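# Structural overview
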Amino acid sequence: MNKVVTVTMMISILAVPASAAQLYRWVDDSGRVEWRDTPPPPNAKSVEQRKIGGNTIQTSSLPYSVQLAAKNFPVTLWANNCGEGCDKARAHLNRRGVPYSEKDPQADLGAFKKVSGGDLGVPLLFVGNTKLRGYLESDWDDALDIAGYPKTALVPVRPAAKPVVPASKPEPQPPSPTANGYPAPAQ
C-alpha cells in the first residue's frame, strides 16, 4: 500500500503546473525517501530542494517548412513608393506568409544597380538566386512554390504596407474677421 501512495503522490506532484515548481526530497525517521511540494518536517534527513521547470521547447513563431524555405531561398524585395506595382508585391508576399527583407533602391543605389544589372525598375524580387523584374502574380507564385513557401500565410508575417500619399496643400482659409465683424483689408 505504501508504494501505491508514493506512486500516486509522485504523479500528482508531477502533474502540478510549472508555476508551482518547487519540490522537496528527504529521508524520514523510518528511512523512506519522501517527495513533496511542501517543506519537510524539522527532523527530516538529507533534505534536497529542487526546482521543476516546464517541459516546453522554445521554437520560432514560423512553421518549420517556412523556416526551411527562408533558410534555403531567402526573399528580398527591392521596392519603394512606386505605386500599385510595389503595393501589390508587398501584399502578395504577406498574403502567402513569406518572410522577406525589403530594401529601398534609393537608399542604396550602388547596391541596387549591381543586383539589378543596371535596370532601375521596381519592384525587383529575389527568391534565393532567382531574380524577378516587375510584378507578375503567376511568375511570383511559381518562384515561391519552387522554393517551398506556403500558398497562404500560416502565421501573419507583417502588416500590409500602406502606400505613402504625398502631403496635400492646405485649403485656403477665409480671412479672419476684425473687431467690427468685417474681414481685414488686404495689404
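Quick summary incoming for the structure in this document. (Residues numbered from 1 in each chain as written. Predicted model: local features only at pLDDT ≥ 70, side-chain atom pairs only at ≥ 80, totals over all residues. Heavy atoms only, no water.)

### Observations concerning the packing of helix H3 (residues 84-96) against helix H5 (residues 137-147)
Geometry of a packed helix pair, given as the angle between the helix axes and the separation of the axes. For the pair H3 and H5, the least separation of the axes is 11 Å and the interaxial angle reads 40°. At the point where H3 passes H5, the crossing takes the right-handed sense. Across from Ala89, His92, Leu93, Arg95 and Arg96 in H3, the residues of H5 making contact are Glu137, Trp140, Asp141, Leu144 and Asp145. Its residues placed into classes, the contact of H3 with H5 shows four nonpolar, one polar and five charged. (Axes fitted to C-alpha atoms, helices over the stretch in contact; angles between N-to-C directions. Helix = DSSP H or I, 4+ residues; strand = E, 2+ residues; numbered from the N terminus. Left-handed = near helix turned anticlockwise from the far one by under 90°. Contact = heavy atoms within 4.5 Å. Nonpolar A, V, L, I, M, F, W, Y, C, P; charged D, E, K, R; others polar.)

### Comments concerning the pairing of strand S5 (residues 100-103)
Across four bridges, the pairing between strand S4 (residues 75-78) and S5 is parallel. When the sheet's bridge partners are listed, Trp78 is paired in S5 with Lys103. The parallel pair S4 and S5, bridged by H3, forms a crossover whose chirality is right-handed. (Pairing = 2+ DSSP bridges. Right-handed = clockwise from strand over helix to strand, strands pointing away.)

### Notes on the sheet that holds strand S1 (residues 22-27)
Judged by pairing direction, the sheet is antiparallel, and its three strands sit side by side in the order S2-S1-S3 without closing on themselves. On the outer flanks of this sheet lie strand S2 (33-36) and strand S3 (45-51), each paired with one strand and no other. Ignoring strand direction, the axes of neighbouring strands in this sheet form an average angle of 15°. With five bridges joining them, S1 and S3 adopt antiparallel strand pairing. Among the inter-strand pairings, Leu23 is bridged to a residue of S3, identified as Arg50.

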